[in-house]
Amino acid sequence: MSDIPTLSAGSHQRHGSNIGQPLTRRDGLLKVTGGARYAADNNPDGLLHAVLAVASIARGRVTHLDVEAAKAHPGVVDVMVPGNRPALASDPDEKSNPFMFRLDLLQNDRVRYAGQPIAVVIAETFEAATEGARLLAPTYETEQARTGLEGEPFAPEKVGAGNAARAQSGDVEAELAGSARTLEAVYETPAQYHNAMEPHAVVAHWQGDRLVIDTPSQGLAMAVMRVAGLFGLTPDKILVRSPFLGGGFGSKGFLSSAQILGILAAKLVDRPVKLALTRPQMFGPVGHRAPTRQTLRIGLGQDGKLTAIDHATLTASSTFDDFFEPASDISHTLYAAPAIRTSHEAVRVDTGTPLFMRAPGEATGSIALESAIDEAAETAGLDPLEFRLKNYAEAEPISGLPFSSKALRECYEQGAARFGWADRPREPRTMRDENGLLVGWGMGTATFPALMFEAEARAVIRADGSGVMETGAHDMGQGAWTALAQIAADAIGLDLTRVTFNAGSSDLPNAGIAGGSGHTATAGMALHKAGEAVIAKLADLATEDEASPLFGADNVGVIARDGKLLRRDDESRGEAFGDILKRAGLSNIEARGKAGGDNAAREHYAMHAHGAVFAEVKIDPDLCQIRTTRLVGAFAAGRIINPRLVESQLFGGMIWGVSFALHEEGIQDKRSGRIVNGDFGEYHVPVNADVPSLEAILVHEEDQLVNLLGIKGVGEIGITGTGGAIANAIWHATGKRLRRFPIRPADLLG
Amino acid sequence: MDFSISLTINGVERRITFDDPRVTLLDLFRERLHLTGTKKGCDRGQCGACTILVDGRRINSCLALALSHDGASITTIEGLAKDDQLHPVQAAFIENDGFQCGFCTPGQIMSAVGLIAEGHAGTDPERVREGMSGNLCRCGAYAGITKAVIEAQKSAGEARTGEAA
Ligand code: FES
Ligand code: FES
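Keep in mind it's a predicted model, so treat the numbers as computed, not measured.

Let's talk about the overall build of chain B
Okay, so step 1: When its secondary structure is counted, chain B shows five helices and five strands.
Okay, so step 2: Counted from the first residue to the last, chain B has its helices and strands arranged as β-β-α-β-β-β-α-α-α-α.
Okay, so step 3: Expressed as lengths along the three principal axes of its C-alpha atoms, the size of chain B is roughly 50 × 40 × 25 Å.
Okay, so step 4: Of all 165 residues assigned to chain B, the portion counted as buried reaches 57%.
Okay, so step 5: Just so you have it, chain B exposes about 6700 Å², and 49% of that area is on carbon and sulfur atoms.
Okay, so step 6: Averaged over its 17 positive side-chain charges, chain B has a centre that lies 5 Å from the centre of its 21 negative ones.

Structure (structure tokens):
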């Protein structure tokens, strides 16, 4: 992207190793000046505005839309309804793989959830389109909505991204029966909505048989394939641009119905169209985190060791598609016990299909498991940290695999020391602050798998000694423009200022998906490999050229540093990249690289990032107002590419943990099936004043097995552990175990 | 029917004609003047992404009808830097990593400039957090935002002391 200027390099002096430096964001200048262009900031000539009309019932049929009234409104150009929606090459309800989620593209008059698109009004102005959508005044044939977790449960085969829904090791029932003490508790987590600050938007522009779309995407290559399939186009006819996402959190991993409807609208009117969701429309067609009811049964020996963990989740998917929140899976990795069993059941409800949402399964499972572990520690009469150390998993519990690395003990140690955990009285409701507020301290363990996906990258070295590194990576705020550029520059031995880094567009090599906290590792490894390959080509040129000081050095090898190739055995002998290319008569040289999980290592090792989170809450004993006042997290997540950005990711995750424990909850009206709090006034996410003093300690960890760069990923782990730590701190402050999230002041009254 | 108002936008006086009384300042900037730095996060005054300064005061531009602002002087994120010099708040946001995705950032920065001008938050983190709580950041960049505002407030204070001396 040529409009990403490199910030003047004041904060970047060192040459040779870009990785590890706390650089400020390379896209910072654009972001603080309003120059970063998000999808809805595009205004091509001839642009029309489209506004969705969405269903206000959760189940039934649309019986009438007053299309005439809408069309009669000045400025309205057309109204797209099932009858005139342009034909598609494939059925939006077709599902040929588990990640192909069914879409609502006006294929019929059926309504299967509240907020489902039922028409699109296209107008010369946004105001006219908005009024046109209102004038449609839909009428419905309404059926009773199915809501809640009370329906008939069934057992899905797969949960999450294709994990087995059931797993076990040992005999849970026998262990529980033989345990000195057992406890059973039920935890409930609500529906949550991603609510990236940027509502999903698309600007679609058909140029003959070519389609250009500006839309936020966490998976550009998948987006192209989805559009290609729906519209019967070859992928080379489709360009998706997504240089900046205004947040994603999983909801922009797959193109939503809304985005495809924008493309259809542009086709219908044969003009470029902009369609952006309203905030309330973010509570329907773009995914959410499904609610769960988790039952944990835990067995304890006399010695305070766990004998059994039984973690059963009941969750919900939509009536027409499958996504099952894999909450129980968290119990696979954290605590050692002779018997562990995890299982999932689900009901079907009239909502949009749930989806991956930041730490899908891990976040929901963690808050339940960490609460239960705290209850178990209390039952065992042990300090929660001591209890966790006593039940520390030296190998991954169910699989029995060794960990590729696991610096969790160091996380516990450093986090506890920083927080001052040693001074915590074991008894609850024993601490007060100077104002008489109840004070509680709690902790939780954090964990998230170290995933890798497949990606490609391209590396170019030019005769002027500069480089171009590119991959279609996605920056949704995690800092890809910066962190990946750091990796890219190191991969070709250049200072960052000499490298043009391109990302954010589908015409670049496939960078996979920005999800599962695996993007830096995946796209980073592809860049690393591409760099290695182009350096190898350059080295071949030099070592075979008698005129080069590197002639004949192919046996000892060369290394790339500061724009030069150097003999590995004698670094005083070397040659600049540009000189090698010029003598060879080349203006540039290029190579590609690929990354993917190393399956051999992955079969033999369990790979996870870990952490420990310590929370302090203060609670008004009379009004029961709850404030998180301090959070300290210590995380071990392999190599840190840019500590400044990593700290921000961890803080963001921890704030989502605060939100999980205390704030967010999507409430579905039992009668109508509508989300009753579908906006930022009623769906609470933390504001600045809700956020306590935060500390994130980056615990040193080296791991050569996860990938060559040693990266584990940090985007999601911060949520895990944090929610439980806060719930446990609330118990410690009040003596009350609250098992339904979010915890509200009313829950503490009485 | 056409309406005509005059606005001073980022120091430039403009006569603006538009055909619809429903147009908000936010949509006027974004869709008609193509000043897209100001963002729309909710369109109903609940998120602060659209914060701008009107006659020096911070407001949610999604709740402000263009028609009722004839004669107003407006600053948007595009007008903050002067002669390629970042405003201290902008510089502090970069240095303190006061954002991730950047979507709330124009609103945060305008709100911070407004807050500093109001003068009742000072460098007290609690007050800054409170004063910035009309601006949601779903990425959770609040720690950096708070630090940035305090740092900018300090440099503004120093500048003032300098001027006085
Ligand atoms: S867009 Fe104006 S407050 Fe949210
Ligand atoms: S930086 Fe993403 S919403 Fe604030």
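Here we look at the packing of helix α7 (residues 362-380) of chain A against helix α15 (residues 722-734) of chain A
Residue and element names in this part refer to chain A.
Okay, so step 1: Relative orientation of the contacting elements α7 and α15 amounts to 40 degrees, with a least axis distance of 7 Å. Taken as axis vectors, α7 and α15 run oblique relative to one another. Remark: the crossing between α7 and α15 carries right-handed chirality. Listed contacts from α15 to Ile 367, Glu 370, Ser 371, Asp 374 and Glu 378 of α7 are Gly 723, Gly 724, Ala 727, Asn 728 and Trp 731.

With respect to α7 of chain A
Residue and element names in this part refer to chain A.
Okay, so step 1: Taking 1.5 Å as the rise per residue, α7 with 19 residues should run 27 Å; its terminal C-alpha atoms sit 25 Å apart, in good agreement.
Okay, so step 2: With 17 of 19 residues buried, α7 lies mostly within the body of the structure.
Okay, so step 3: Following α7 by one or two positions, Gly 381 adopts a phi angle in the positive range, close to 70 degrees.

A short note on the nonpolar core
Okay, so step 1: Counting residues in hydrophobic clusters, the biggest one holds 226 residues, and the most contacted among them are Val 120, Phe 231, Ile 260, Ile 263 and Ile 730 of chain A together with Phe 93 of chain B.
Okay, so step 2: Listed in part, the 21 residues of the second largest apolar core include Val 67, Val 76, Ile 118 and Ala 119 of chain A.

Thoughts on the pattern of salt bridges
Two side chains bearing opposite charge may form a pair once their charged atoms approach each other closely.
Okay, so step 1: Counting across every chain of the model gives 62 salt bridges over all chains.
Okay, so step 2: Residue Glu 127 of chain A is joined to Arg 32 of chain B by a salt bridge in which the shortest nitrogen-to-oxygen separation is 3.0 Å. With Glu 127 of chain A in helix α3 (residues 126-135) and Arg 32 of chain B in helix α1 (residues 25-32), this pair bridges two chains.
Okay, so step 3: Residue classification places Arg 32 of chain B among the partly exposed residues on the basis of a relative accessible area of 28%.

Overview of the domain arrangement of chain B
Residues and elements named next belong to chain B.
Okay, so step 1: When cut into domains, chain B gives domain 1 (3-79) and domain 2 (88-160).
Okay, so step 2: When each unit is reduced to the centre of its C-alpha atoms, the spacing between domain 1 and domain 2 is 21 Å.
Okay, so step 3: Facing the 15 residues of domain 1 at the interface are 15 residues of domain 2.
Okay, so step 4: Overall, the association of domain 1 and domain 2 removes approximately 1200 Å² of surface from exposure, summing both partners, and the carbon and sulfur fraction of that is 61%.
Okay, so step 5: Connecting domain 1 to domain 2 are one salt bridge.
Okay, so step 6: We note a salt bridge from Arg 58 to Glu 118, for which the minimum N-O separation is 2.7 Å.
Okay, so step 7: At the boundary of domain 1 and domain 2, one finds six residue pairs in polar contact (both at pLDDT 80 or more).

Brief notes about the sheet that holds strand β21 (residues 467-470) of chain A
The pairing of strands in a sheet happens through backbone hydrogen bonds and is either parallel or antiparallel.
Residue and element names in this part refer to chain A.
Okay, so step 1: Sheet architecture is open: four strands sit in the order β22-β21-β20-β26, paired in mixed fashion. Looking at which strands have only one partner, the edges of the open sheet turn out to be β22 (499-502) and β26 (588-595). Mean inter-strand twist for the sheet, computed between neighbouring axes without regard to direction, equals 15 degrees.
Okay, so step 2: Strand direction decides the pairing type here: β21 and β22, joined by four bridges, are parallel. If you follow Met 469 over to β22, its bridge partner there is Phe 501.
Okay, so step 3: Across the sheet, helix α10 (residues 480-491) touches β21 and β22, and the angle it forms with β22 is around 130 degrees.
Okay, so step 4: This element, helix α11 (residues 519-543), spans β20 (455-462), β21, β22 and β26 of the sheet and lies at about 140 degrees to β26.

Overview of the layout of surface pockets
Okay, so step 1: Estimated volume of the second largest pocket: approximately 1200 Å³.
Okay, so step 2: In terms of lining, the second largest pocket is formed by 48 residues, of which the most central are Thr 278, Arg 279, Pro 280 and Gln 281 of chain A together with Arg 44 of chain B.
Okay, so step 3: Those elements that provide at least two residues to the lining of the second largest pocket are β1 (48-54), α3 and β14 (273-276) of chain A together with α1 of chain B.
Okay, so step 4: In terms of residue class, the lining of the second largest pocket is made up of 22 nonpolar, 10 polar and 16 charged.

Considering unusual backbone geometry
Residue and element names in this part refer to chain A.
Okay, so step 1: Here Phe 741 and Pro 742 are connected by a cis peptide whose omega angle stands at -5 degrees.
Okay, so step 2: A positive phi angle is found at Asn 195, which is not glycine, with a value near 50 degrees.
Okay, so step 3: Checked against the element boundaries, Asn 195 lands in the loop between β10 (181-189) and β11 (201-207).
Okay, so step 4: Taking the relative accessible area as the measure of exposure, Asn 195 reaches 1% and is therefore buried.

Observations regarding the confidence of the model for chain A
Okay, so step 1: Mean pLDDT over chain A: 96, with 98% of residues reaching 70 or higher.
Okay, so step 2: Note on residues 1-16 of chain A: pLDDT is under 50 here. Beyond four places in sequence and across chains, it has 35 contacts.

Quick notes on the packing of aromatic side chains
Okay, so step 1: Inspection of every chain in the model, using the stated rule, returns 23 aromatic pairs over all chains.
Okay, so step 2: When the ring centre of Phe 320 of chain A is taken as origin, the NZ or CZ atom of Arg 112 of chain A, which lies over that ring, is 3.9 Å away.

Observations concerning α15 of chain A
Okay, so step 1: In this model, α15 of chain A (13 residues) spans 18 Å end to end at C-alpha, consistent with the 18 Å of a helix rising 1.5 Å per residue.
Okay, so step 2: Positioned one or two residues after α15 of chain A, Gly 735 of chain A has a phi angle of 80 degrees, which is positive.

A closer look at the UniProt feature "domain: Aldehyde oxidase/xanthine dehydrogenase a/b hammerhead" (unreviewed entry) in chain A
Okay, so step 1: The UniProt feature table records "domain: Aldehyde oxidase/xanthine dehydrogenase a/b hammerhead" (unreviewed entry) at residues 33-144 of chain A.
Okay, so step 2: Across residues 33-144 of chain A, the secondary structure splits into 15% helix and 27% strand, with the terminal C-alpha atoms separated by 50 Å.

Thoughts on empty space enclosed by the protein
All names here are of chain A.
Okay, so step 1: If you walk through the whole model with that rule in mind, you get seven cavities of 30 Å³ or more.
Okay, so step 2: Quantified by volume, the second largest cavity comes out at close to 60 Å³.
Okay, so step 3: Residue lining of the second largest cavity: Tyr 113, Ala 114, Tyr 193, Phe 283, Gly 284, His 288, Asp 350, Thr 351, Gly 352, Gln 668, Gly 673 and Ile 675, and that is the complete set.
Okay, so step 4: Residues that form the lining of the second largest cavity fall into these classes: five nonpolar, six polar and one charged.

So, the pairing of β20 of chain A
Residue and element names in this part refer to chain A.
Okay, so step 1: Counting buried positions over the eight residues of β20 gives six, a clear majority of the element.
Okay, so step 2: Bridge count for β20 against β26 is eight bridges, and the pairing is antiparallel. Bridge assignment links Ala 459 to a residue of β26, and that residue is Ala 591.
Okay, so step 3: As defined by bridge partners, β20 adjoins β21 across four bridges and the pair is classed as antiparallel. Residue pairing across strands places Ile 461 opposite Gly 467, the latter belonging to β21.
Okay, so step 4: In textbook terms, the turn of a hairpin is the stretch between consecutive antiparallel strands, and for β20 and β21 this stretch comprises four residues, one of which, Gly 465, has a positive phi near 90 degrees.

Calculation notes
Residues numbered from 1 in each chain as written. Chains lettered and ligands numbered in written order. Predicted model: local features only at pLDDT ≥ 70, side-chain atom pairs only at ≥ 80, totals over all residues. Heavy atoms only, no water. Helix = DSSP H or I, 4+ residues; strand = E, 2+ residues; numbered from the N terminus. Buried < 20%, exposed > 50% of the residue type's maximum accessible area, 1.4 Å probe, protein only. Areas by Shrake-Rupley, 256 points an atom, 1.4 Å probe, with all protein chains shown as cover. Lys, Arg positive; Asp, Glu negative; His and termini not counted. Charge placed at Lys NZ, Arg CZ, Asp CG, Glu CD. Axes fitted to C-alpha atoms, helices over the stretch in contact; angles between N-to-C directions. Parallel < 35°, antiparallel > 145°, perpendicular 65-115°, else oblique. Left-handed = near helix turned anticlockwise from the far one by under 90°. Contact = heavy atoms within 4.5 Å. Expected span 1.5 Å × (residues − 1). Core = buried A, V, L, I, M, F, W, Y, C linked by side-chain atoms within 4.5 Å. Salt bridge = Lys/Arg side-chain N within 4 Å of Asp/Glu carboxyl O. Domains from an automatic or database assignment. Buried area = accessible area lost by both parts, 1.4 Å probe. Polar contact = N/O pair within 3.5 Å; in protein donor to acceptor, adjacent residues only side chain to side chain. Pairing = 2+ DSSP bridges. 1 Å grid on protein atoms, 1.4 Å probe; cavity = no way out; pocket = protein on both sides within 12 Å on 5 of 7 lines; lining within 4 Å. Points joined across faces, edges and corners; volume = space filled by probe spheres on them. Nonpolar A, V, L, I, M, F, W, Y, C, P; charged D, E, K, R; others polar. pLDDT = per-residue confidence, 0-100. Phe/Tyr/Trp six-rings, centres within 6.5 Å; stacked < 30°, edge-to-face > 60°. Lys NZ or Arg CZ within 6 Å of the ring centre and 35° of its normal. UniProt positions renumbered as here; feature names shortened; annotations may be inferred.

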